[in-house]
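# A look at the structure
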Amino acid sequence: MNNGADPFAGLDEVRWSRMRHAYGSAVDVPDLLRGLVHPDPAERETALDGMYAAVHHQGDVYPCTVAVIPFLLRIAERSELPGRPEVVRLLAGIGSAEDPEGLSGPYRKANQAVAAAYPLWERLLEDADPRVREAAAEVLPACVDRGQAALACLTGRLTQEGDTAVRTTIVRTVGTLARRAEHPDSALRDRLAGIVAVDPDPRLRLVALAELASLPGAADVAPVAEVGDALEMVAAVYRSGTPVAPPAGFETDTLTGAVRRLREQQDEGRRAPQAAELVSSLSLSFGDRVDDRVRLLAALLRSPDWECRLDALWPAGRLIEGWRGDYGELVKLIAGQVHDGHARTRPRAVSVLRPLGALAAPAADALAKALTDAPVRSLPHTRADERELPWVIEWPGDLPTVGPALEALSGTGDARALPMLAWVLDREPMPRHIGSLVIGFGPRAAPLVPLLRRRLRDLCSDDPHDHRRDGMAFALAAIGPAAAPALPDLLAGPLTPGVLRALVALAPEAPECLPVLREAAAGQDRQLAVPAAKALWQVSGDADIALSVAGRCLDNDSEYAWQDGTELLAALGPAAKPHLARLRRLARRKDPYRWLPLSAARALWRATGDPAPVLPALEQAWTVNVHTRRQVASLWAEIGPAAADARRLLSAELSRARRHNVSEDVYSSAGLGEDEELLRLCRTALAAVDGTAAALAAVDGTAAARHPDGKSTRDDFDRRARSAGDKNEHRGQGDEGE
């Protein structure tokens with residue numbers, strides 16, 4: 001190593017003022033670089049935080065990020081400098097070691113600069129500092145063109161390495177590199193299998209098992225270890241314990257420092273804090289073997305060891321949210337942590353249950369009891385993670401929010417939540433998003449109407465970020481006709497999308513509502529004009545206003561306006577025929593996300609009953625954008641036997657283990673409910689394309705919504721199913737309308 005060279009030679013000659021990072025000019029970069037090797041660990045942490053916050057902000061790479069790489073490499077070479085492990089990990093991030101494929105621009109330049117230092121990474125695998133050796137192993141996946149050499153180097157090093165943490169990281173990196181190989185080496189599989197079978201360290205055995213199970217083709221061969229074997233390894237880890245990170249002994253006002261302190265707090269009082277990552281990796285390694293994962297996590301949740309139960313909760317939540325399966329027993333075990341759990345497991349169990357919606361129903365008793373027994377109904381956020389489960393969480397300088405336990409209970413639809421929601425509604429200040437929890441109860445929330453009316457009158461804020469009044473309106477809309485006494489309160493305030501929806505749901509035909517609807521339909525605000533025009537059509541059967549609004553939307557330059565227009569035309573059914581030519585063009589439109597062609601296809605089908613131009617658009621939307629699948633399945637159900645070719649796609653979807661909308665990069669709290677709805681819609685659509693009576697009954701409600709007289713449309717459904725093969729006749733109907 002070139003220990004004599006100045007790592008910052010030439011640093012001040014770089015024109016940093018001509019470069020920028022996430023927060024402006026890069027003139028502060030030299031100070032940040034020098035701070036990375038400051039003798040004071042607090043100064044180093046502050047500088048490292050600055051690098052991640054500005055120079056490598058959220059994984060971004062700027063020209064100044066590329067410019068710091070030579071100096072970071074020099075620091076990594078100097079064995080006497082402090083802070084090298086953190087610098088090497090920073091280089092791994094800058095070099096996109098986690099995902100180095102398909103890079104361009106500065107990301108590619110950064111990756112090439114880090115990969116070109118491959119000889120340094122090999123040398124650092126033998127560094128005297130085990131934390132540097134560990135970090136060096138994490139950089140190697142960035143060296144895409146040296147994958148085989150890196151694998152050979154790592155497997156050779158594994159036999160010589162004596163530090164368990166380094167060996168664990170080496171095995172994980174070996175797994176990462178092997179997964180990228182087109183044909184993983186069978187000798188490598190045997191090597192990992194040997195570690196699982198005979199290595200004395202249960203932690204390393206678990207890591208090797210997880211990496212082995214995630215290799216390409218692993219599902220096609222017999223597993224090296226079954227769930228029972230894995231549970232024995234996990235138990236051994238908890239018995240022997242794992243290293244606990246001691247407190248750093250200093251504080252910095254940085255995000256990096258906050259993360260470190262959180263980790264220290266999480267490790268406090270534990271014997272095996274590193275077991276959490278092992279359990280999570282192990283569960284993920286079983287992939288689509290959902291039953292095996294349920295067995296694994298259920299056994300851990302039954303453990304008398306609170307650490308074991310704690311570490312199983314997040315993986316259990318991730319499993320339920322990401323994979324389809326029967327989770328009744330697993331949810332009951334999670335609920336056990338709410339009722340009888342340790343002070344650390346209880347809040348985590350509630351956090352896991354909160355996004356599950358109806359799937360959390362087996363936990364309703366435990367949630368209701370915990371909320372009823374809560375000694376204090378409102379707590380500041382700093383105490384909300386303690387053993388008490390408040391109904392409301394208070395935030396400094398902001399509106400309060402509903403506590404996660406009450407959110408979870410409300411999501412199950414359990415009626416015991418209604419009196420609690422009433423208390424929250426009556427509280428000052430009223431929390432955010434309380435209306436969304438009432439919505440799920442629909443007409444069953446009718447006893448809350450007087451309270452909702454009063455809050456509606458109270459909430460006349462001009463704050464554009466305060467949506468609580470719309471929340472009350474949406475809740476009244478969900479309750480339906482029983483909330484009709486609220487019409488005067490709705491009309492007394494400004495007309496918003498929520499208020500308009502409530503008017504339409506409660507009594508659109510009421511004399512006091514009709515002028516409001518007509519004015520909204522004539523206005524320029526599409527969020528008001530489109531639903532108002534649809535409501536007027538449903539009330540009167542006169543399509544003129546709706547056709548006029550739809551025409552305005554289609555004449556607009558915005559694709560969002562076109563979609564609003566096609567959605568409105570879909571509600572008109574046969575009355576939309578004056579716009580058939582435009583609908584046909586939009587249904588064939590090349591749209592990368594397929595929302596607009598799908599919307600046009602729906603309107604086209606309902607206007608003509610001809611499935612021929614509609615079915616290709618539906619299959620394209622289904623294939624290209626998974627988020628359209630609920631709407632596509634619903635439309636296939638409407639079309640019925642004429643959509644028989646959809647049977648293959650529907651059956652394939654129902655056989656998938658993964659939820660259709662799961663993404664590693666995007667999280668949505670509504671994702672699980674949307675997938676459960678898709679499964680129901682797929683079953684209904686399958687029955688419909690087979691022409692079964694059950695499907696016809698399920699589709700009646702959708703079809704009836706298209707007819708202002710509200711009559712049953714089973715005859716209409718049958719007629720379309722019988723005549724679907726006569727495409728020329730249907731096209732003739734379309735030409736006449738056009």
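Counting restarts for each chain: residues are numbered from 1 in the order of the written sequence. A pLDDT threshold of at least 70 governs which residues receive local features in this predicted model, and a stricter bar of 80 or more applies before side-chain atom pairs are shown or counted, although totals over entire chains, interfaces and linings include all residues. The side-chain quantities take in all heavy atoms of the structure and omit both hydrogens and water.

### Some words on the packing of aromatic side chains
Rule in force here: Here the aromatic set is Phe, Tyr and Trp, taking the six-membered ring for Trp, and pairing holds for ring centres within 6.5 Å; pairs whose planes are under 30 degrees apart are stacked, those over 60 apart are edge-to-face, and all others are tilted. Comment: elements are numbered from the N terminus, with helices defined as DSSP H or I runs of at least four residues and strands as E runs of at least two. For the exposure calls, accessible area comes from a 1.4 Å probe over protein chains only, and a residue counts as buried if that area is under 20% of its type's maximum, exposed if over 50%, partly exposed in between.
Evaluation of the coordinates by the stated rule reveals three aromatic pairs. Judged by centre distance (6.5 Å) and plane angle (50°), the rings of Trp16 and Phe71 are tilted. Placement of the pair is Trp16 in the segment before strand E1 (20-21) and Phe71 in helix H3 (residues 63-77), with a sequence separation of 55 residues. Taking the centre distance of 5.4 Å and the plane angle of 90° together, the rings of Trp391 and Trp423 count as edge-to-face. On the criterion of sequence distance, the pair formed by Trp391 in the loop between strand E3 (378-380) and strand E4 (392-394) and Trp423 in helix H21 (residues 417-425) is long-range, its members being 32 residues apart. According to the relative accessible area criterion, Trp391 is buried, its value standing at 6%.

### Brief notes about the nonpolar core
The following threshold applies: Think of a nonpolar core as a cluster: buried Ala, Val, Leu, Ile, Met, Phe, Trp, Tyr and Cys residues, connected wherever their side-chain atoms sit within 4.5 Å. Every residue pair with non-hydrogen atoms within 4.5 Å of one another is taken to be in contact.
Counting 164 residues, the largest nonpolar core has Leu33, Trp121, Leu353 and Leu490 as the members making the most contacts within it. By residue number, the principal contributor to this core is H3, which donates nine residues. Dropping the residues within four chain positions of it, Trp121 is found in contact with Leu73, Val88, Leu91, Val114, Ala136, Val139, Leu140 and Cys143. Membership of the second largest hydrophobic core comes to 59 residues, among which are Leu514, Ala646, Leu650 and Leu678.

### A closer look at the confidence of the model for the chain
Parts of the prediction with low pLDDT should not have their coordinates interpreted in detail. Just so we agree on the cut-off: Each residue carries a pLDDT score, the predictor's confidence in it, ranging from 0 to 100.
Taken over all residues, the pLDDT of the chain has a mean of 88, while the share at 70 or more is 91%. Under a pLDDT of 50 for its full length, residues 699-738 has, in the predicted model, 61 contacts with residues more than four places off or in other chains.

### What to know about the sheet that holds strand E5 (residues 401-402)
The test is simple: A strand pair is defined by DSSP finding two or more bridges across the two strands.
One open sheet holds the three strands; their spatial order is E3-E4-E5, and the pairing between them is mixed. The two strands at the open ends of the sheet, each matched to only one other strand, are E3 and E5. Pairing geometry for E3 and E4, over three bridges, is parallel. From the neighbouring strand, Ser378 faces E4, where its bridge partner is Val392.

### Topic: the packing of helix H9 (residues 164-180) against helix H11 (residues 202-213)
Convention followed: Interaxial angles span 0 to 180 degrees and are taken between N-to-C directions of axes, which are lines fitted to C-alpha atoms, for helices over the stretch in contact. Roughly parallel means an angle under 35 degrees; roughly antiparallel means over 145; roughly perpendicular covers 65 to 115; every other angle is labelled oblique.
In contact at an axis separation of 9 Å, H9 and H11 are set at 5° when each is read in the N-to-C sense. As far as their axial angle goes, H11 and H9 are roughly parallel. Touching Thr164, Arg167, Thr168, Val171, Arg172, Gly175, Thr176 and Arg179 of H9 are Arg203, Leu204, Val207, Ala208 and Glu211, all from H11.

### Topic: helix H33 (residues 615-624)
Using the following cut-off: Each direction from the helix axis to a C-beta atom contributes to the arc, which is the arc of those directions.
Here H33 has its buried residues at Ala617, Leu618, Ala621 and Trp622. Summarising the axial view, the buried residues of H33 lie within an arc of 130°, below the 170-degree limit, and thus occupy one face. Looking at the buried residues of H33, the elements they touch are helix H31 (580-587), helix H32 (595-608), helix H34 (629-639), helix H35 (647-655) and helix H36 (671-689).

### Focus on the side chain of Arg602
Note the following rule: As used in this structure description, the phrase polar contact means that two N or O atoms lie within 3.5 Å; if the pair is within protein, one of them must be able to donate a hydrogen and the other to accept it, and residues adjacent in sequence are counted only when both atoms belong to side chains.
Here Arg602 lies in helix H32. Residue classification places Arg602 among the buried positions, given a relative accessible area of 9%. Within the structure, Arg602 has its side chain in polar contact with the side chain of Glu567 (distance 3.1 Å). Beyond its immediate chain neighbours, meaning those up to four positions away, Arg602 contacts Glu567, Ala570, Gln631 and Leu635.

### Quick look at the pattern of salt bridges
The condition that has to hold: Within this document, salt bridges are pairs made up of a side-chain nitrogen of Lys or Arg and a carboxyl oxygen of Asp or Glu, the two lying within 4 Å of each other.
For the structure shown, the criterion picks out 51 salt bridges. Arg589 is paired through a salt bridge with Glu559; the nearest N and O atoms lie 2.9 Å apart. Linking Arg589 in the loop between H31 and H32 with Glu559 in helix H30 (residues 559-572), this pair joins segments that are 30 residues apart in sequence. Using a relative accessible area of 30% as the deciding quantity, one classes Arg589 as partly exposed. By sharing partners, the salt bridges in this structure join Arg324, Arg629, Glu653, Arg656, Arg659, Asp675 and Glu676 into a single network.

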